[in-house]
Amino acid sequence: MKRTSVVLAAEFKQKSRWMHVWPQMHYGAMFLPFGVGRRLPLTGCNWVTRDSNRLTNFSTRYATVIADLDSAKNESELNVPLSDVRWGDHRRLFFKCTTCGEPYRRAVSSVMKFHAHCGSCRSRRYPSEVLKGQMTGASLQATKPELAKELAGEKAQTISGFAATSKFNANWTCSCCNKTYRASIRERTGLVAPGMAPVFADSARWTGFCHSCRWEKNLAPAGREALQRLDLLGLEATAKEIAASSGKKIPRRRKALFA
Ligand SMILES: [Zn+2]
Ligand SMILES: [Zn+2]
């Protein structure tokens, strides 16, 4: 179809109708102030920073929150100096996680009320979001020191102390092209804490390189084998497993007889 100005205008109008669709709220998001009635009572709160609510006056208690705040960015982008931040501040300020180094934007009030710190490492640094600190294992550094060396970023030292079964999405340097890519720690180690859903059996092999290198690195050997044998069925691993466990006694239930 010829894209005349009329067609383009109609298309724009059709597209722009979708701007009224509310964004998806996932299980963590609470109240979405996207209607007039939802917004109006909140706009009536005119907050003033006093000595009693200034965040820096509570540095003994909230030192970690103050350390996480990206004050330079807040001042330049939002015009909010650190002295103006309240400990229950509703404004969405810029943070930079001191644990994993990820930047995030969040209201100070939700950090204070719910410990809603950095979403990358708050609970995902552990093998399980439910058990968090209760479920810890040997660290990545202790389990796979060769993988810990491939961690990228200035917080690589801290991240290498996370559990080898951790769900944390870390930045890694590809050993093939030296570019940085993201993969979770447990994908790279292939280890999963007991009782958790397992990762893909070959995940350690497939996440060993960046997205552009892993295809070549993992499928080139299989391709060469297929050219030689012409009957590559993908059953080789299963056949090996069966051959290895042939002598083992596996308990089987007695078959019911209905005759
Ligand atoms: Zn973090
Ligand atoms: Zn690569």
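Residues numbered from 1 in each chain as written. Chains lettered and ligands numbered in written order. Predicted model: local features only at pLDDT ≥ 70, side-chain atom pairs only at ≥ 80, totals over all residues. Heavy atoms only, no water.

- The name given to the protein chain in an unreviewed UniProt entry is Treble clef zinc finger domain-containing protein, and the organism recorded there is Bodo saltans.

### Here we look at the overall build of the protein chain
Next, step 1: In terms of regular secondary structure, the protein chain is built from 12 helices and four strands.
Next, step 2: Taken over the C-alpha trace, the protein chain has a radius of gyration of 27 Å; the compact-globule value for 259 residues is 18 Å, which it surpasses by more than 25%.
Next, step 3: Judged by the C-alpha coordinates and their principal axes, the protein chain covers about 80 × 65 × 60 Å.
Next, step 4: Buried positions account for 28% of the 259 residues belonging to the protein chain.
Next, step 5: Per element, the accessible surface of the protein chain, about 18300 Å² overall, is 57% carbon and sulfur.
Next, step 6: Taken as two groups, the 42 positive and 20 negative side-chain charges of the protein chain have centres that lie 7 Å from each other. (Helix = DSSP H or I, 4+ residues; strand = E, 2+ residues; numbered from the N terminus. Rg over C-alpha atoms; globule rule 2.2 N^0.38 Å. Buried < 20%, exposed > 50% of the residue type's maximum accessible area, 1.4 Å probe, protein only. Areas by Shrake-Rupley, 256 points an atom, 1.4 Å probe, with all protein chains shown as cover. Lys, Arg positive; Asp, Glu negative; His and termini not counted. Charge placed at Lys NZ, Arg CZ, Asp CG, Glu CD.)

### Brief notes about the coordination of the zinc ion (ligand 2)
Next, step 1: Taken together, the protein ligands of the zinc ion (ligand 2) are Cys 174 (SG), Cys 177 (SG), Cys 210 (SG) and Cys 213 (SG), with distances of 2.2 to 2.3 Å.
Next, step 2: Taken together, the four donor atoms coordinating the zinc ion (ligand 2) span angles of 100 to 117° at the metal, a pattern that classifies the geometry as tetrahedral.
Next, step 3: For the zinc ion (ligand 2), the single-chain donor residues occur in sequence as C-x2-C-x32-C-x2-C. In this pair, Cys 177 is assigned in the loop between β3 (169-173) and β4 (180-184) and Cys 210 in the loop between α10 (203-206) and α11 (214-229), connecting sequence segments 33 residues apart.
Next, step 4: For Cys 177, a relative accessible area of 30% puts it in the partly exposed group.
Next, step 5: In this structure Cys 210 comes out as buried when scored by relative accessible area, which is 4%. (Donors = N, O, S within 2.8 Å, 3.2 Å for Na, K, Ca; no water. Tetrahedral: all angles 85-135°; square planar, octahedral: opposite > 155°, others 65-115°.)

### A short note on the packing of aromatic side chains
Next, step 1: Counted according to the given criterion, the structure contains five aromatic pairs.
Next, step 2: Relative to Tyr 104, the ring of Phe 95 lies with its centre 5.1 Å away and its plane at 5°, an arrangement referred to as stacked. Of the two residues, Phe 95 and Tyr 104, neither departs from the other in class, the shared state being buried.
Next, step 3: Summarising the aromatic geometry, the rings of Phe 162 and Phe 168 are spaced 5.2 Å apart at their centres and angled 90° between planes, so their arrangement reads as edge-to-face. Comparing Phe 162 with Phe 168, the two get one shared label, buried.
Next, step 4: Taking the ring centre of Phe 94 as reference, the NZ or CZ of Arg 105 above it sits at 4.8 Å. (Phe/Tyr/Trp six-rings, centres within 6.5 Å; stacked < 30°, edge-to-face > 60°. Lys NZ or Arg CZ within 6 Å of the ring centre and 35° of its normal.)

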